[in-house]
Amino acid sequence: DAGITQSPRYKITETGRQVTLMCHQTWSHSYMFWYRQDLGHGLRLIYYSAAADITDKGEVSDGYVVSRSKTENFPLTLESATRSQTSVYFCASRPDRDQPQHFGDGTRLSIL
Amino acid sequence: QKEVEQNSGPLSVPEGAIASLNCTYSDRVSQSFFWYRQYSGKSPELIMSIYSNGDKEDGRFTAQLNKASQYVSLLIRDSQPSDSATYLCAVLGGGSNYKLTFGKGTLLTVNP
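Predicted, not measured: the structure shown is a model, and the values here were computed from it. (Residues numbered from 1 in each chain as written. Chains lettered and ligands numbered in written order. Predicted model: local features only at pLDDT ≥ 70, side-chain atom pairs only at ≥ 80, totals over all residues. Heavy atoms only, no water.)

**What about the overall build of chain B?**
Part 1: Tallying secondary structure elements over chain B gives 0 helices and 11 strands in all.
Part 2: Secondary structure elements of chain B occur, N-terminal to C-terminal, as β-β-β-β-β-β-β-β-β-β-β.
Part 3: The C-alpha radius of gyration of chain B comes to 14 Å, within 12% of the 13 Å expected for a compact globule of 112 residues.
Part 4: Relative to its 112 residues, chain B shows a buried fraction of 46%.
Part 5: Within chain B, contacts between residues separated by at least 24 positions form 54% of all contacts whose residues are at least 6 apart in sequence.
Part 6: Approximately 5,300 Å² of chain B is accessible, and the part contributed by carbon and sulfur atoms is 47%. (Helix = DSSP H or I, 4+ residues; strand = E, 2+ residues; numbered from the N terminus. Rg over C-alpha atoms; globule rule 2.2 N^0.38 Å. Buried < 20%, exposed > 50% of the residue type's maximum accessible area, 1.4 Å probe, protein only. Contact = heavy atoms within 4.5 Å. Areas by Shrake-Rupley, 256 points an atom, 1.4 Å probe, with all protein chains shown as cover.)

**Observations regarding the state of the cysteines**
Part 1: Enumeration according to the criterion identifies 2 disulfides over all chains in this entry.
Part 2: Across a sulfur-sulfur distance of 1.9 Å, A:Cys23 and A:Cys91 are joined as a disulfide pair. Measuring the twist about the S-S bond at about -75 degrees, one finds the A:Cys23-A:Cys91 disulfide to be left-handed. Placement of A:Cys23 in strand 3 (residues 19-25) and of A:Cys91 in strand 9 (residues 87-94) is noted, with a sequence separation of 68 residues between them. Each of the two residues, A:Cys23 as well as A:Cys91, counts as buried.
Part 3: Shown here is the disulfide that connects B:Cys23 with B:Cys89, its sulfur atoms set 2.1 Å apart. Measuring handedness by torsion sign, the sulfur bridge of B:Cys23 and B:Cys89 sits at about -75 degrees and is left-handed. Here B:Cys89 lies in strand 9 (residues 85-92) and B:Cys23 lies in strand 3 (residues 19-25), a separation of 66 residues in the sequence. The pair formed by B:Cys23 and B:Cys89 is uniform in burial state, with each residue classed as buried. (Disulfide = S-S within 2.5 Å.)

**Observations concerning the interface of chain B and chain A**
It is common to report an interface's size as the accessible area lost on association of the parts.
Part 1: The interface is formed by 23 residues belonging to chain B together with 24 residues belonging to chain A.
Part 2: Surface buried jointly by chain B and chain A totals about 1,700 Å² across both partners, of which 56% is contributed by carbon and sulfur atoms.
Part 3: On the surface where chain B and chain A come into contact, there are 0 salt bridges.
Part 4: Remark: the boundary between chain B and chain A carries 8 residue pairs in polar contact (both at pLDDT 80 or more).
Part 5: Contributions of two or more residues to the side of chain B that touches chain A are made by strand 4 (32-38), strand 5 (45-50), strand 9 and strand 10 (100-102) of chain B.
Part 6: Of the residues belonging to the side of chain B that touches chain A, the class tally is 10 nonpolar, 10 polar and 3 charged. (Buried area = accessible area lost by both parts, 1.4 Å probe. Salt bridge = Lys/Arg side-chain N within 4 Å of Asp/Glu carboxyl O. Polar contact = N/O pair within 3.5 Å; in protein donor to acceptor, adjacent residues only side chain to side chain. Nonpolar A, V, L, I, M, F, W, Y, C, P; charged D, E, K, R; others polar.)

**Quick look at unusual backbone geometry**
Part 1: Note that the residue after A:Ser7, namely A:Pro8, is joined by a cis bond; omega there is -5 degrees.
Part 2: Relative to the assigned elements, A:Pro8 resides in the loop between strand 1 (4-7) and strand 2 (10-13).
Part 3: For A:Asp53, which is not glycine, the phi dihedral falls at a positive 70 degrees.
Part 4: Of note in this structure, B:Gln70 is not a glycine but carries a positive phi near 55 degrees.
Part 5: Along the polypeptide, B:Gln70 turns up in the loop between strand 7 (61-66) and strand 8 (71-76).

What follows is the structure, given as structure tokens:
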């Protein structure tokens, strides 16, 4: 039972580069989420999705793009990375509206 | 802006004591409540869900919900050093809203 997998686990890149963080879940969960976690801010929602081809912006979506062409994949792209996007990124999924969500192991992203 | 408030801590308790973690939320129509544990450098891990007023027990953990007071708590009995972590309260809003709102977490330290 692979669950939810994020890749890469660690990434270092430079400002201005495009970066894509991958999220794959094997549960066929409808709902998927991307968060970033920074000291002093807790978990902040970037984007979320209720189903394939349905995505919505969260509270910190500027500079990020998502797609969800298949239920199991929910990639997050930083179109032109900035230092302020250095963070730990977590993907999460849950089967329906009222069930708890489960998190991937996270991607630690550093932008130099 | 829907908010979830937690004491940031750190909360320090001796081994074997009861640790009490508190959370208040602003959205009166919230329906589902969750507690996550996050070890340093790891992803959040679900430990309790609670949906109705009252207490819910699972092993050493008890979640308590009071919707009238907009208050949810987590009690950890017989605290162990392995319980040392940050505890995140998460609240799911009512209606069509399916976003989880997280508190910033309470750091718990259990001293041997």
